[in-house]
Amino acid sequence: MTQQNASIKLYGIPNCDTVKKARAWLTAQGIDYRFHDFKKQGVPAERLSAWQNAVGWDRLLNRQGTTWRKLDPAIQAGVVDAASAGELLQEQPSAIKRPVVEWGEGPTAPITVGFDAAAWNEAAQNLSKG
């Protein structure tokens, strides 16, 4: 049974292994979603701000990834708060931990960062209740 819910939006980069795993999981669960490609479509500034408010800038910033590791140490050291992180993440979308998923619309819709099957099961169940 397919859950019709195009209000789920998955943000990421298509060739990212975690994004591939996440997309496969959603498909296997029969959950419809929209995909936003950071490489082609950029990072919507208003969404970045909402994500920072929901999960914190530190959780969004992928310090383990290649993009972060390749940055000049002075740039890395300059990322100290939401404003500086937001600037970097706008300029370097690949430094965002992926995927970011908005599980519905509106200010109370859950937002997850990264792929965690248990958290995603819970979010999907909450969607089917709503």
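Everything below is about the structure printed above this text.
All values derive from a computational prediction rather than experimental measurement.

Student: I'd love a proper account of the pairing of strand β2 (residues 34–37), names of residues and values included.
Tutor: A regular strand places its side chains so that they alternate between the two faces of the sheet. As paired strands, strand β1 (residues 8–12) and β2 are joined by four bridges and run parallel to one another. Each bridged residue has a counterpart across the sheet, and for lysine 9 the counterpart in β2 is arginine 34. In this region the chain leaves β1, passes through helix α1 (residues 17–28) and returns to the parallel neighbour β2; the handedness of that crossover is right-handed.

Student: Describe the environment of tyrosine 11, with residues and values.
Tutor: With respect to the helices, strands and loops of the structure, tyrosine 11 is situated in strand β1. Tyrosine 11 sits 38 residues away from serine 49 along the chain, and the two C-alpha atoms are 14 Å apart. Reaching out from tyrosine 11, the side chain makes a polar contact with the side chain of glutamate 102 at a distance of 3.2 Å.

Student: Could you give an account of unusual backbone geometry, naming the residues involved and the relevant values?
Tutor: A cis geometry characterises the amide bond from arginine 98 onward to proline 99, with omega recorded as -10°. As for its placement among the helices and strands, proline 99 is situated in the loop between α7 (82–91) and β3 (100–103).

Student: So what about the packing of helix α3 (residues 45–55) against α7? Which residues, and what values?
Tutor: The angle between the axes and the distance between the axes are what describe a pair of packed helices. Running from N to C, α3 and α7 point in directions that differ by 135°, and their axes come no closer than 11 Å. Between α3 and α7, the angle is such that the two are oblique. You can see that α3 and α7 cross each other, and the crossing is right-handed. Along the contact surface, α3 presents Ala45, Leu48 and Gln52, while α7 presents Ala82, Ala85, Gly86, Leu89 and Gln90. Tallied by class, the residues present in the contact of α3 with α7 amount to five nonpolar, three polar and no charged.

Student: Please provide a residue-by-residue account of the packing of aromatic side chains, values included.
Tutor: Inspection of every chain in the model, using the stated rule, returns seven aromatic pairs. With centroids separated by 6.3 Å and ring planes inclined at 25°, the aromatic side chains of tyrosine 11 and phenylalanine 38 adopt a geometry described as stacked. Taken together, the residues tyrosine 11 in strand β1 and phenylalanine 38 in helix α2 (residues 38–41) connect sequence positions 27 residues apart. Among the residues examined, tyrosine 11 registers a relative accessible area of 2% and is labelled buried. A residue is classified by how much of its surface remains accessible, and phenylalanine 38, at 1% relative accessible area, is buried. Taking the centre distance of 5.6 Å and the plane angle of 80° together, the rings of tryptophan 25 and tryptophan 120 count as edge-to-face. Within this pair, whereas tryptophan 25 is found in helix α1, its partner tryptophan 120 is found in helix α8 (residues 117–129), the two being separated by 95 residues in sequence. Judged by relative accessible area, which is 12%, tryptophan 25 ranks as buried. Taking the relative accessible area as the measure of exposure, tryptophan 120 reaches 0% and is therefore buried. Chaining the aromatic ring pairs together yields one cluster made of Trp25, Trp103, Phe115 and Trp120.

Rules of the game
Residues numbered from 1 in each chain as written. Predicted model: local features only at pLDDT ≥ 70, side-chain atom pairs only at ≥ 80, totals over all residues. Heavy atoms only, no water. Pairing = 2+ DSSP bridges. Helix = DSSP H or I, 4+ residues; strand = E, 2+ residues; numbered from the N terminus. Right-handed = clockwise from strand over helix to strand, strands pointing away. Polar contact = N/O pair within 3.5 Å; in protein donor to acceptor, adjacent residues only side chain to side chain. Axes fitted to C-alpha atoms, helices over the stretch in contact; angles between N-to-C directions. Parallel < 35°, antiparallel > 145°, perpendicular 65-115°, else oblique. Left-handed = near helix turned anticlockwise from the far one by under 90°. Contact = heavy atoms within 4.5 Å. Nonpolar A, V, L, I, M, F, W, Y, C, P; charged D, E, K, R; others polar. Phe/Tyr/Trp six-rings, centres within 6.5 Å; stacked < 30°, edge-to-face > 60°. Buried < 20%, exposed > 50% of the residue type's maximum accessible area, 1.4 Å probe, protein only.

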